[in-house]
Amino acid sequence: MRLLTRLTPPGRPPWSRSFLTSVFGSSGPGYVGLPGCHRPQDFPKLAQAAVEEAAAELKDSPKLATPKGIVHALDNASNGLCCIADVAELYRQVHPDRHMHTKAEEAVQLVQNFMADVNVDDRIYRYLRDADHPEKVGDLTSEERKVLVMMREAMEHEGVHMPPAEKEKCLELINRELQLVFEAHPHQGHIGPREGWHPMRALEEVPKAMLASLPRQYDVSRGEEMVQIVPDTLAARTVLRSVTDPAIRKDVFNRSREENPAVAQKLVELLEVRRELADHRGYKSWAHYSRRDSVLVHHFPEKEDAVQDLLRDTWDALAPGIKGELEGLAKIKNQAGLQGALEPWDVEFLIQQQRRLLLPNVTEDAIPYFTFGNILRAVQELLMKVFNVALVHAEPHESEVWHGAVYKFVLRPPEATEDSSADLGVLYLDPFRSASKMVSAAQFTVRGSKILADGSRQVPRTALVMGLPPSLDAPLSTAEALTVLHELGHTVHSLLSKTALQHVSGTRGTVDFVEFPSHLFEHFLFEPEFMCAHAIDPKTQKPIPEQLLHDIQHRRKLVGHIEMSNTLLHSLVDHSLYVKPLQSSTIAGMQSAVDASYASLSKDHDLTGAYGNHRLVDFLSPPVPSKFDHLVHYSGTYFCYLLDKALSCHVWDRTFKGDPYNKQAGDRLRNFLELGSSEPRLGAILELTGESAPPGSPVPLEALLQDCRAQDSG
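Residues numbered from 1 in each chain as written. Predicted model: local features only at pLDDT ≥ 70, side-chain atom pairs only at ≥ 80, totals over all residues. Heavy atoms only, no water.

Enquirer: Before we go on, may I ask you to explain the side chain of Thr637 in this structure?
Expert: Residue placement: Thr637 occurs in the loop between α23 (630-633) and α24 (639-653). Once residues lying within four places of it in the same chain are set aside, the contact partners of Thr637 are Ser290, Arg291, Val511 and Asp574. (Helix = DSSP H or I, 4+ residues; strand = E, 2+ residues; numbered from the N terminus. Contact = heavy atoms within 4.5 Å.)

Below, the structure is given as structure tokens:
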């Protein structure tokens, strides 16, 4: 099996531009294998052709009058459109050339406009509505039945079935929501020109290179040079973690807690528009709409609010550990001779002090054993041993990729690693940071799994884009290494998918289901048998000592309960703002809803109860709504991170922990991933342990709690 061994394949400069000038109809495979796409202007041409082909597919014919016919016709049309639009969106996000962005955007817009028309086409809707009848769906597979319902509901959400006036109102709300999503997106912390200035002499713990990049001025009245710290920046986070002066930390902390008024007002408007739109669609709230396919909600059909119950149960389980960790930080403050009780702006600083005190020789930054090359080779072995598939490095054609340092891998059976006709999936990997990227870590499905009209299988293709240091051997932080494994979990889910319809291929499913594989993959980082054989220091060629791997993990868990509470509080705020209307559509009304959610979470462990001179919640870095970007994009489903962390801990403990190449568990997981998102059930996740999990069985939390607890070095 060929492994990844070099940064830039020979013959391709880092910023190859030859594909920008190649002629239409080049013999090359086209961008990420898209036939006929070799120049920016090819995107709108292909999009127009795909629109015309989709329109022909959806013309009236006898096949549309059958359930199977209408499902496959729409999936075929959608597949042709997505194969263009998804590649165009990828290039719009990652390509360095502005002309490419413009043409890719044209293609995306062409496809979106056509799909918007289809979504309100009465004729297509009548076919779907008539097909979705108990007497007609008997010959559909479960996958076809699911997609039929998805298609019908998607059209109904656009108002296709409503009277003209209501339909017009629905479309008006949809357009307003799209505009507000853009306008309510959080920006870097705001600060006035006279605010946030601090003496440079008091910032000696901040790296000099960072200080040199910050705004500075000489204060004549003080006779010293001053530096401005803008909230919510890396510099601000560094101050909170390292600067000894509590007055400076307090000022930076308090500014970080301030709402951005302009963004907050747009967010309030977005909440109101989404509430109105959910009501127009027949849902109790926007949360009920966004969770309509949630595996958690469907697992507990009798519960009035399964998400609130999950948040309450998890908080009650975490609270004792949180209080214990805060008490430990208070002791460290006292031992260090720092005056006063524990304050919220002390927490990050004291966490770093605790880590230096207990594990002085361990860091989570730039670990030489954690390199992208090492992790990728470890995952290649994992795929071979657990799933019996080979991830093979293949040389891409110059016209196939957007950058000379983009790698191509193919997933093949181990007995056919040189046979391109045996491809199970194709991965384009763009791991290193560059100024042209609009994303820092994202997986793009550019072609879903699907059975084509001739009976052949469409091979899934996906692109993984990250912003890592530009070398296979560059040391990564623990957070970066975890991100690599997280995104590779999404990637494997996409590539192993074997669905018949691309609508439910890979990660095209409800968010609390598709986030599970990515969370499960994170656990491999600290599994000695998995990492120690591959985590090799490029300079010394020595593997990571098992004790060091343990200590790095131990360092992360010294305040594991506090860290997990951050995910819980973000989930709680997201839940509270979307499950009930605001009492007043104002910034104050939004904050009142957030405070009410803290107060109502638990009677036994009151988040708003006094803890020293503050509320308990103030020590746990609760989100500021106008700075919480997931509030815009996840809109009622952020709880998925908490849920899938708990589920992944539970499954990991009973499958791969201590046995990372467990073949029996691997077979169950591969079968699970091959279904893509066609059968999303919480029970299916729990059943990866080999045990049954009927609807209503509890969400297991014990493994999550164990994962939060620090284990002493041995």
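Enquirer: Before we go on, may I ask you to explain the pattern of salt bridges in this structure?
Expert: Pairing between side chains becomes possible if they bear opposite charge and their charged atoms approach one another. On inspection of all chains with the given rule, the structure shows 51 salt bridges. For Asp75, the salt bridge goes to Lys450, with nearest N and O atoms at 2.6 Å. Of this pair, Asp75 sits in helix α3 (residues 67-94) while Lys450 sits in strand β9 (residues 450-451), and the two are 375 residues apart along the sequence. Given a relative accessible area of 0%, Asp75 falls into the buried group. (Salt bridge = Lys/Arg side-chain N within 4 Å of Asp/Glu carboxyl O. Buried < 20%, exposed > 50% of the residue type's maximum accessible area, 1.4 Å probe, protein only.)

Enquirer: Hey, could you run me through empty space enclosed by the protein in this one?
Expert: Think of a ball as big as a water molecule: rolled over the atoms, this probe shows where empty space is left. For the structure on display, the rule yields 3 cavities of 30 Å³ or more. One number sums up the size of the largest cavity: a volume of about 90 Å³. What lines the largest cavity is simply Val268, Leu271, Glu272, Arg275, Ser285, Trp286, Leu577, Tyr578, Lys580, Pro581, Leu582 and Ser585. Broken down by element, the lining of the largest cavity gets its largest block of residues, 4 residues, from helix α11 (residues 261-280). When grouped by side-chain class, the residues that make up the lining of the largest cavity number 7 nonpolar, 2 polar and 3 charged. In terms of lining, the second largest cavity is formed by Leu383, Leu391, Leu411, Leu427, Leu488, Thr491, Val492 and Leu495. (1 Å grid on protein atoms, 1.4 Å probe; cavity = no way out; pocket = protein on both sides within 12 Å on 5 of 7 lines; lining within 4 Å. Points joined across faces, edges and corners; volume = space filled by probe spheres on them. Nonpolar A, V, L, I, M, F, W, Y, C, P; charged D, E, K, R; others polar.)

Enquirer: Mind showing me how you'd approach the nonpolar core here?
Expert: Generally speaking, a soluble globular protein has its nonpolar side chains buried in company with each other. Leu296, Leu326, Phe370 and Phe387 are the most contacted members of the largest nonpolar core, which has 142 residues in total. Per element, the largest residue contribution to this core is 11 residues, and it comes from helix α14 (residues 306-335). Leu296 has contacts with Ala306, Val307, Leu310, Asp512, Phe639, Leu643, Leu682 and Val699, leaving out every residue within four places of it along the chain. Of all hydrophobic cores here, the second largest spans 60 residues; its members include Cys37, Ala54, Ala77 and Leu81. (Core = buried A, V, L, I, M, F, W, Y, C linked by side-chain atoms within 4.5 Å.)

Enquirer: It is not clear to me how the sheet that holds strand β7 (residues 425-432) should be interpreted in this structure. Could you clarify?
Expert: Pairing is mixed across the open sheet formed by 5 strands, whose spatial order is β5-β6-β7-β11-β8. Strand pairing shows two members of the sheet lacking a second neighbour, β5 (390-394) and β8 (441-447), which therefore form its edges. Direction aside, the axes of adjacent strands within the sheet are offset by 25° on average. In the packing of α3 onto the sheet, contacts are made with β8 and β11 (461-468), and the angle to β8 comes to roughly 150°. (Pairing = 2+ DSSP bridges. Axes fitted to C-alpha atoms, helices over the stretch in contact; angles between N-to-C directions.)

Enquirer: Honestly, the confidence of the model for the protein in this entry has me stumped. Any pointers?
Expert: Should pLDDT be low for a region, the predicted coordinates there are not to be read in detail. With 95% of its residues at a pLDDT of 70 or more, the protein shows a mean pLDDT of 92. Taken as a whole, residues 1-25 scores under 50 in pLDDT and shows 78 contacts with residues more than four places along the chain or in a different chain. (pLDDT = per-residue confidence, 0-100.)

Enquirer: Honestly, helix α18 (residues 511-522) in this entry has me stumped. Any pointers?
Expert: What sets the pattern is the α-helix's 3.6 residues per turn: residues three or four places apart point alike. Between its first and last C-alpha atoms α18 spans 17 Å; for 12 residues at 1.5 Å apiece the expected length is 16 Å, and the two agree. Of all 12 residues making up α18, 11 are buried, and the element is well covered by its neighbours. Those residues of α18 that fall on the buried side of the exposure criterion are Asp512, Phe513, Val514, Glu515, Phe516, Pro517, Ser518, His519, Leu520, Phe521 and Glu522. Among the structural elements, α13 (295-299), α16 (372-387), α17 (478-496), α24, α25 (663-674) and α26 (682-686) are those in contact with the buried residues of α18. (Expected span 1.5 Å × (residues − 1).)

Enquirer: For this particular structure, what's the right way to read the side chain of Glu325?
Expert: Structurally, Glu325 is set in helix α14. Of the side chains with opposite charge, Arg709 lies nearest to the buried Glu325, which makes no salt bridge, at 8.5 Å. Leaving out residues up to four positions away in the same chain, Glu325 has contacts with Leu558, Val559, Gly560, His561, Ile562 and Cys708. (Lys, Arg positive; Asp, Glu negative; His and termini not counted.)

Enquirer: Honestly, the layout of surface pockets in this entry has me stumped. Any pointers?
Expert: Volume-wise, the second largest pocket comes out at about 570 Å³. Considering the residues around the second largest pocket, the lining is formed by 21 residues, among which His575, Ser576, Val579, Lys580 and Ser600 are closest to the centre. Counting residues per element, the ones that place at least two in the lining of the second largest pocket are α14, α21 (560-579) and α22 (587-600). Along the lines of polarity and charge, the residues of the lining of the second largest pocket split into 6 nonpolar, 9 polar and 6 charged.

Enquirer: Just checking my understanding: could you explain the sheet that holds strand β2 (residues 216-219) for this structure?
Expert: In any sheet, the strands associate via hydrogen bonds between backbone groups, in a parallel or an antiparallel arrangement. Ordered in space as β1-β3-β2, the 3 strands form an open sheet in which the pairing is antiparallel. Lying at the two open borders of the sheet, with one neighbouring strand each, are β1 (197-199) and β2. Averaged over neighbouring strand pairs, the angle between their axes works out to 40° when direction is ignored. Bridge count between β1 and strand β3 (residues 224-228): 3 bridges; the pairing is antiparallel. Bridging from a neighbouring strand, Pro199 pairs with Met226 of β3.

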